[in-house]
Amino acid sequence: QVQLVESGGGLVQAGGSLRLSCAASGIIFSINTMGWYRQAPGKQRELVADITSGGRSNYLDSVKGRFTISRDNAKKSVYLQMNSLETEDTGVYYCKAEGIRGFVHVDESWGQGTQVTVSS
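The present account deals with the structure reproduced in this document. (Residues numbered from 1 in each chain as written. Predicted model: local features only at pLDDT ≥ 70, side-chain atom pairs only at ≥ 80, totals over all residues. Heavy atoms only, no water.)

1. Re the overall build of the protein chain
Here is step 1: Helices and strands together make up the secondary structure of the protein chain, namely zero helices and 11 strands.
Here is step 2: Starting at the N terminus, the α and β elements of the protein chain follow one another as β-β-β-β-β-β-β-β-β-β-β.
Here is step 3: Computed over the C-alpha atoms, the radius of gyration of the protein chain is 14 Å, within 12% of the 14 Å expected from 2.2 N^0.38 for a compact globule of 120 residues.
Here is step 4: Out of the 120 residues in the protein chain, the part that is buried amounts to 41%.
Here is step 5: Long-range pairs, those at least 24 residues apart, make up 54% of the contacts in the protein chain with a sequence separation of at least 6.
Here is step 6: When the accessible area of the protein chain is evaluated, it comes to approximately 6400 Å², of which 47% is carbon and sulfur surface.
Here is step 7: The positive charge centre, built from 12 side chains, and the negative charge centre, built from 11, are 5 Å apart in the protein chain. (Helix = DSSP H or I, 4+ residues; strand = E, 2+ residues; numbered from the N terminus. Rg over C-alpha atoms; globule rule 2.2 N^0.38 Å. Buried < 20%, exposed > 50% of the residue type's maximum accessible area, 1.4 Å probe, protein only. Contact = heavy atoms within 4.5 Å. Areas by Shrake-Rupley, 256 points an atom, 1.4 Å probe, with all protein chains shown as cover. Lys, Arg positive; Asp, Glu negative; His and termini not counted. Charge placed at Lys NZ, Arg CZ, Asp CG, Glu CD.)

2. A look at the environment of Thr-90
Here is step 1: Topologically, Thr-90 is positioned in the loop between β8 (77-82) and β9 (91-101).
Here is step 2: With 51 residues separating them in the primary sequence, Thr-90 and Gln-39 have C-alpha atoms 8.4 Å apart.
Here is step 3: Leaving out residues up to four positions away in the same chain, Thr-90 has contacts with Ala-40, Gln-115, Val-116, Thr-117 and Val-118.
Here is step 4: A polar contact of 3.0 Å, which involves the side chain of Thr-90, links it to the backbone oxygen of Thr-87. (Polar contact = N/O pair within 3.5 Å; in protein donor to acceptor, adjacent residues only side chain to side chain.)

3. Describing the pattern of salt bridges
Here is step 1: Under the criterion given, the structure shown has seven salt bridges.
Here is step 2: Between Lys-64 and Asp-61 there is a salt bridge, with its nearest N and O atoms 3.0 Å apart.
Here is step 3: Assessed through its relative accessible area of 61%, Asp-61 is described here as exposed.
Here is step 4: The residue Asp-89 makes a salt bridge to Arg-66 at a minimum N-O spacing of 2.8 Å. Separated by 23 residues along the polypeptide, Asp-89 in the loop between β8 and β9 and Arg-66 in the loop between β6 (57-59) and β7 (67-72) bring together distant segments of the chain. Considered together, Asp-89 and Arg-66 belong to a single accessibility category, that of buried residues.
Here is step 5: Each of Arg-38, Glu-46, Arg-66, Glu-86 and Asp-89 takes part in salt bridges that share partners, so that together they form one network. (Salt bridge = Lys/Arg side-chain N within 4 Å of Asp/Glu carboxyl O.)

4. Focus on the nonpolar core
Here is step 1: If you look at the biggest cluster of nonpolar residues, it comprises 27 residues, and the most contacted ones within it are Trp-36, Val-48, Phe-67, Val-78, Leu-80, Met-82 and Tyr-93.
Here is step 2: Contributions of two or more residues to this core are made by β3 (18-25), β4 (30-39), β5 (46-52), β7, β8, β9 and β11 (114-119). (Core = buried A, V, L, I, M, F, W, Y, C linked by side-chain atoms within 4.5 Å.)

In structure tokens form, the structure reads like this:
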């Protein structure tokens, strides 16, 4: 059983910063890709950023230069440093892990989500 637990969301003023963390638990030998998605009210969930076990990252165009994704493979954790936050960044942020190798292979697992609210 793989679980992802997120933390670090909250309320911040525009221009401020937040750091999200996500830790995977369970019997896990490796995780291929870890990433962050977000869903704003009335909108579809979208990829914000992801990163492979080798460190290759990918970002949504609107967050490039403001957000930085990183991971600690030993801790099975992924982080999202969000700077210069904008009201459009408001939403529920979900952690996702793909290609989880343990005693059994798990294609993907999602966290429960953490709310990020950016006020003007």
